[in-house]
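# Notes for the structure review
Each chain, written out:
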Amino acid sequence: MSSRTSLVVLVGSGLIGLAILGLGLKQREAPRPSGPFSLIEVKSKAPFTEQELRGKPTAMFFGFSSCPDVCPTALVTAGRWLSGLGADAEKIRFVFVTVDPERDSPDKMAEYLTAFDARILGLSGERAEIEKLSGRFGVVANKVPAGDSYNYEHTSLILLLDRSGTLVDSVDFEDREDKALGKLRALIAR
Amino acid sequence: MLSRDVRSQSSSAVIMVAFLALLALAPHLAAAEPLVTVSEPWSRVTPPGVRTGAGYLTITSRGPADRLVSAESPRARRVEIHDMSMTGGVMKMWQLKDGLLIPDGGSLVLAPGGKHLMFFELERGFVLGEKIPVQLHFEKSGTIRVELVVQPLGAKRPTPPTEPFK
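Everything in this summary refers to the structure shown in the same document. (Residues numbered from 1 in each chain as written. Chains lettered and ligands numbered in written order. Predicted model: local features only at pLDDT ≥ 70, side-chain atom pairs only at ≥ 80, totals over all residues. Heavy atoms only, no water.)

Looking now at the interface of chain A and chain B. Opposite the 30 residues of chain A that make contact, chain B presents 28 residues. Here chain A and chain B share an interface that buries about 2,200 Å² over both sides, 61% of which is from carbon and sulfur atoms. Taken as a group, Pro 68, Asp 69 and Glu 153 of chain A account for 24% of the area that chain A buries against chain B, more than any other trio of residues on that side. Applying the counting criterion to the chain A and chain B interface returns one salt bridge. The salt bridge involving Arg 44 of chain B is made with Asp 69 of chain A; its shortest N-O contact spans 2.5 Å. In this structure, the connection of chain A to chain B is made through seven residue pairs in polar contact (both at pLDDT 80 or more). Of all the secondary-structure elements, those providing two or more residues to the side of chain A that touches chain B are helix 2 (70-85), helix 3 (106-113) and strand 7 (149-155) of chain A. Here the residues of the side of chain A that touches chain B sort into 13 nonpolar, ten polar and seven charged. (Contact = heavy atoms within 4.5 Å. Buried area = accessible area lost by both parts, 1.4 Å probe. Salt bridge = Lys/Arg side-chain N within 4 Å of Asp/Glu carboxyl O. Polar contact = N/O pair within 3.5 Å; in protein donor to acceptor, adjacent residues only side chain to side chain. Helix = DSSP H or I, 4+ residues; strand = E, 2+ residues; numbered from the N terminus. Nonpolar A, V, L, I, M, F, W, Y, C, P; charged D, E, K, R; others polar.)

So this is what it looks like as structure tokens:
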């Protein structure tokens, strides 16, 4: 085998190895059903941990209060869906999680949420704890500078968790209402 | 009879045109007639405690092309021109530092989910029904003043339609 061929083989097997490693990493990044986190529900000021994700399905949206368009629109839409669910609305928990805890203190979040359906809960707390929650579902939240301020690029899907706290589906706030209600009803029925 | 009618019609038409021209020119004696018109300027209620807001409007060119360079408002410390996208379930937003080109004879819609004016450090939140004064600075058309009519949270479009601003 010439040195050139062996180099090709070496590089080739290296690439295959990297690809396998990459797949492995990807698999390890898949949703983890457990793992403790400790946040605060902003309305009751009660602790909110992985235990609170059990017993009832959850629709979870990540955002921040300074977000001018997507977050308020998603929260208004969530309120409309809750009304659309009628009596079933109490069988699901709607939670808005801030990705910007430095600006969204529990008090500020609670004030913010008064503009929306009263059944929507809010989560804030330490950044590291929020990242434990967002990390387990692969939620994107990147801080981007905006002049002397900043914004967040963030996952705008509403995550649907079953009553064990496992991510099973997602719904887009721009989806048609009948489609969204169908997904929420299916989640409740699981 | 017929010719007198035509003559009197045409002379009143001349007077009318002259009057309209004066009316149109009066506010722009120092500046050129704007190449664009702005219609349906609107915004949305800001939730309590929030100090950022968004502005939406439609800019129509009667040609040639023009560019919205910047915007300002007495209600915000800073107004920027932004665009956003939603790809793969992730919302991204960025400043359009070169402003917005309004193509010759075309029109540009700033609307939720896309291009918008972004208000930073509001002096106070936007309340339903109030009007937010904004100055839009164009490369060729100069400054056009509009008032954004504040619509409910989550509104997708303005209601009722508002008069065009020139």
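Structure shown, so let's carry the discussion forward.
With that settled, consider the side chain of Arg 93 of chain A. Residue and element names in this part refer to chain A. Positionally, Arg 93 belongs in strand 4 (residues 93-98). No salt bridge is formed by the buried Arg 93; the nearest opposite charge belongs to Glu 52, separated by 7.7 Å. Of note is the side chain of Arg 93, whose polar atom sits 2.8 Å from the side chain of Thr 58. In contact with Arg 93, not counting residues within four places along its chain, are Phe 48, Glu 52, Leu 53, Arg 54, Lys 56, Pro 57, Thr 58, Ala 59 and Leu 121. (Buried < 20%, exposed > 50% of the residue type's maximum accessible area, 1.4 Å probe, protein only. Lys, Arg positive; Asp, Glu negative; His and termini not counted.)

All chains considered together, the criterion is met by 17 salt bridges over all chains. Two residues, Glu 130 of chain B and Arg 75 of chain B, come together in a salt bridge whose shortest N-O distance is 3.1 Å. Pair noted here: Glu 130 of chain B is in the loop between strand 8 (116-122) and strand 9 (131-138) and Arg 75 of chain B is in the loop between strand 3 (66-72) and strand 4 (76-87), with a separation of 55 residues, a long-range link. Residues joined in a network through salt bridges with shared partners are Glu 102, Arg 127 and Glu 131 of chain A.

A few words now on the nonpolar core. Core analysis: the largest hydrophobic core is formed by 58 residues, its most contacted members being Met 60, Ile 92, Phe 94, Phe 96, Ile 120, Leu 133 and Ile 158 of chain A. The element that contributes the greatest number of residues to this core is helix 2 of chain A, accounting for eight residues. Ignoring any residue separated from it by four or fewer positions in sequence, one finds Met 60 of chain A in contact with Leu 53, Val 95, Val 97, Leu 133, Phe 137, Leu 157, Ile 158, Leu 159 and Leu 161 of chain A. Core analysis: the next-biggest nonpolar cluster, separate from the first, contains 26 residues, Val 36, Ile 102, Leu 117 and Phe 138 of chain B among them. (Core = buried A, V, L, I, M, F, W, Y, C linked by side-chain atoms within 4.5 Å.)

Attention shifts here to the packing of helix 2 of chain A against helix 5 (residues 177-189) of chain A. All names here are of chain A. In contact at an axis separation of 10 Å, helix 2 and helix 5 are set at 65° when each is read in the N-to-C sense. Two packed elements cross with a definite hand, and for helix 2 against helix 5 that hand is right-handed. Contacts between helix 2 and helix 5 pair Arg 80, Trp 81, Gly 84 and Leu 85 from the former with Glu 177, Ala 180, Leu 181, Leu 184, Arg 185 and Ile 188 from the latter. Taken together, the residues that form the contact of helix 2 with helix 5 break down as six nonpolar, one polar and three charged. (Axes fitted to C-alpha atoms, helices over the stretch in contact; angles between N-to-C directions. Left-handed = near helix turned anticlockwise from the far one by under 90°.)

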